[in-house]
Amino acid sequence: MENGAVYNETTEPEAKAPRRRPFGCTLRHLWGWRLPVKVVQAVFSFVAVVCEEIVDDCSYCSGLYFFEFISCSAFLLSLLILCVYCTDLYESLGKETVQKL
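Rules and cut-offs
- Per-chain numbering applies: the sequence of each chain, read as written, is numbered from 1 onward.
- Totals for whole chains, interfaces and linings use every residue, but because this is a predicted model, local features are given only for residues with pLDDT of at least 70 and side-chain atom pairs only at 80 or more, for both listing and counting.
- Processing note: side-chain calculations cover all non-hydrogen atoms of the structure and skip hydrogens and water entirely.
- Defined by distance alone, a disulfide is two cysteine sulfur atoms within 2.5 Å.
- UniProt positions are given in the numbering used here, feature names are shortened, and annotations may be inferred rather than shown by experiment.
- A run of H or I in DSSP becomes a helix once it reaches four residues, and a run of E becomes a strand once it reaches two; helices and strands are each numbered from the N terminus.

> Describe in detail the state of the cysteines, supporting the description with residues and values.
Under the definition given, this model contains 1 disulfide. Here Cys58 engages in a disulfide with Cys61; their sulfurs sit 1.8 Å apart. Handedness of the Cys58-Cys61 disulfide follows from its S-S torsion of about 110°: it is right-handed.

> Summarise the UniProt feature "transmembrane region" (unreviewed entry) in the protein chain; cite the residues concerned and give the values.
In the numbering used here, UniProt assigns the feature "transmembrane region" (unreviewed entry) to residues 64–85. Taken end to end, residues 64–85 comprises 100% helix and 0% strand; its first and last C-alpha atoms sit 31 Å apart.

Written out as C-alpha cells, the structure is:
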C-alpha cells in the first residue's frame, strides 16, 4: 500500500502563531474607568508607604506599624492586580482562577 493514498495533503493552511505584544501588555481585561481607578489606588498606596517611612520618632508605634503593614499590603496587591489584568497572565491562569484569587 502506498503512503500517498493514506496520507493526503491537508486543504487547510497551517495556523500561524498569534503575534504577541511586548511583555504581553494588553488592556482588554481592564478597560474604561477600572484602569484609572487601579492606577490611582496603586499611587495612593505608594504615597502612604512613603509617608509612613518619613516618620522618624513616635511615642505609640503600634498604630504606625499597623498602618505600615496595611499600606504596603495594599500597594503590593494593587500592583499584582494590575500585572494580572494588564498582561497575558490573565489568559494563562484562566478566568475562574483569577476570580478565586
